[in-house]
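Summary of the model geometry
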Amino acid sequence: MKKVAVFCIPAHGHTNPMLPIVRELAGRGDEVRFYSFSEFQEKIERTGATFVCCDEYLPELSAKEEANLKKVSTTEMTIQDIRITAAMDEFLHNEFISFKPDVIYTDSVCFWGKLNAWKYDVPMVVSTSTFAFNQMSSTYIKNTPGEMAGLIFGLPRVSRELNKLKAYGYKVKGLFSLIQSDNQTDSVVYTSKKFQPYAESFSDHYSFVGPSLLNDIEPDKGHIRPLVYISLGTVINDRPDFYGKCIEAFKDENIDVIISCGRSVDVSGFGKLPENIKVEPYVDQLDVLSKADVFITHCGMNSVSESLYMATPMVLYAQTNEQEAVARRVREIGAGIDLKDDSAAGIKNTVREILNTASYKDSARDCSDDFRNCPGVKGAADFIENAPHSSNGVDIIKNLSKANVGLQVGYSIVAILLANILFHIISIKYLWIYIVLAIVLSMPINKLLQKAVYKHLVKTRLK
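This one's a predicted model, so the numbers in the text were calculated from it and none came from an experiment.

Let us look at the sheet that holds strand β13 (residues 336-338). Note on sheets: strands pair through backbone hydrogen bonds, and any given pair is parallel or antiparallel. Strand order across the open sheet formed by 6 strands is β10-β9-β8-β11-β12-β13, with parallel pairing between neighbours. Of all strands in the sheet, those bounded by a partner on one side alone are β10 (277-280) and β13. With direction set aside, neighbouring strand axes in the sheet form an average angle of 15°. Inspection of the sheet shows strand β11 (residues 294-297) paired to strand β12 (residues 314-316) by 3 bridges, in the parallel sense. Residue threonine 297 lies in a different strand from β12, and its bridge partner there is leucine 316. Lying on the sheet, helix α10 (residues 240-250) is in contact with β8 (227-231), β9 (256-260), β10 and β11; it crosses β9 at an angle near 175°. The strands touched by helix α13 (residues 321-333) are β12 and β13; relative to β12, the strand with the most contacts, the crossing angle is about 135°.

Written as structure tokens, this is what we have:
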């Protein structure tokens, strides 16, 4: 029997995939303590784990901080995570001394879980609620100029907060060591190797277990009228305008529609609904998806995984850059298309394209079969109980990082040599054009070279 300490941030999308695995661990007789927050208490206690309330350690937020969190500001979320870690220090010190966990199972962005695992030298397994992101797979995330500016200008604030943690005895290596995946940390990822971008770049420390679900029901598409399910998740779902356009799109269609809008939207504001349309604050999403023919989704990882598990193709309406990364992968496997026009007519036409094109359904079914062949909840529980793990494979990312240094040095040398040649050929007053061009081209050229090196490293590893 193992003692397992579980940590997660106060977010449904991060907590939900951990619950089936916690239930499996508790069912095996492991002593599981789940450090979480009151809104998740009922769900956690149903797993058989001991719920430990951490509400008192949540900081009071200013109106500006709360607004930034609702906008999913990376800087603000990082700072609040650091402050919660500091606030919980004495409490968790006493917990670690009394409970003495054998292993820590912590969400990937739950800093107080990660930092205390390092501080008390306890084996750790990271719960990765979206894709595993490293040097290669992070290319799927495209930050807008505004987001990039927010990250850059937010770094000094984050650094100041991180430095405060050193006084508590935490081994703070830097921000990226807290948020980015590496090939030395045991990690559970809730997707398959086939669906994970650049899966071959991850070491044996990663277990791609497939979707983590509480119910193992099968797809049931045996109905006459098509069923369209619509949900924008649990965070950015206050969109009565969008739901209204969905109602307008399908009110006269021979299609059944279920909309899950969350509790922030007043359902009565939609007036009398057509008979073929239902609007609910929450539904049993997995059950609805098992019957749905199309899912209009915000592209959260959990929602997309559940949809593919139930062989349901999607209309992709991503709201954040992380969701766009998931949407991109769905497009690549052919199981969905983007909602480029979110007018009533655009919504109806996009859904019709999914319904009238068999390839979307076929791709979703293929992915469902792939997911169902993964190790699943039991495999994830085995992985956690047997931590720490070793890796016998080549660390592709480590080797790629070394190669990148050489590529950058090589590019700089070639650029300087070419500048010297041009100096004797063209007028010096035009040399600045070459310098600007060399700087602008450095990033795309290095990316092309990096991909070539990556392919070589993968080929070498597979031999």
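Grouped together as the largest cluster of nonpolar side chains are 48 residues, with contacts concentrated most on Phe7, Ile21, Tyr35, Tyr105 and Trp112. Among residues more than four places away in sequence, those in contact with phenylalanine 7 are Met18, Tyr35, Leu92, Phe96, Ile104, Tyr105, Thr106, Asp107, Cys110, Trp112 and Gly113. Formed by 29 residues, the second largest nonpolar core is a distinct cluster that contains Cys299, Val326, Ala327 and Phe371.

Turning our eyes to something else, we now look at the packing of aromatic side chains. For the coordinates displayed, the defined rule picks out 16 aromatic pairs. Pairing phenylalanine 7 with tyrosine 35 gives two aromatic rings, centres 4.8 Å apart and planes at 10°, and the pair type is stacked. Here phenylalanine 7 is found in strand β1 (residues 3-7), whereas its partner tyrosine 35 is found in strand β2 (residues 31-36), with 28 residues between them in sequence. On the basis of relative accessible area, tyrosine 35 is assigned to the buried category, the value being 2%. When the centroid spacing of 5.1 Å and the interplanar angle of 25° are considered together, the rings of tyrosine 57 and phenylalanine 91 count as stacked. A residue pair is termed long-range when its members are at least 10 positions apart, and tyrosine 57 in the loop between β3 (50-53) and α4 (63-70) and phenylalanine 91 in helix α6 (residues 89-99) qualify at 34 residues. With relative accessibility at 15%, the residue tyrosine 57 sits in the buried group.

The residue glycine 346 is located in helix α14 (residues 344-356) in this model. Taking the C-alpha atoms as reference points, glycine 346 and cysteine 246, 100 residues apart in sequence, are found 9.7 Å from one another. Residues in contact with glycine 346, not counting those within four places in the same chain, are Leu339 and Asp341.

What counts and how
Residues numbered from 1 in each chain as written. Predicted model: local features only at pLDDT ≥ 70, side-chain atom pairs only at ≥ 80, totals over all residues. Heavy atoms only, no water. Pairing = 2+ DSSP bridges. Helix = DSSP H or I, 4+ residues; strand = E, 2+ residues; numbered from the N terminus. Axes fitted to C-alpha atoms, helices over the stretch in contact; angles between N-to-C directions. Contact = heavy atoms within 4.5 Å. Core = buried A, V, L, I, M, F, W, Y, C linked by side-chain atoms within 4.5 Å. Buried < 20%, exposed > 50% of the residue type's maximum accessible area, 1.4 Å probe, protein only. Phe/Tyr/Trp six-rings, centres within 6.5 Å; stacked < 30°, edge-to-face > 60°.

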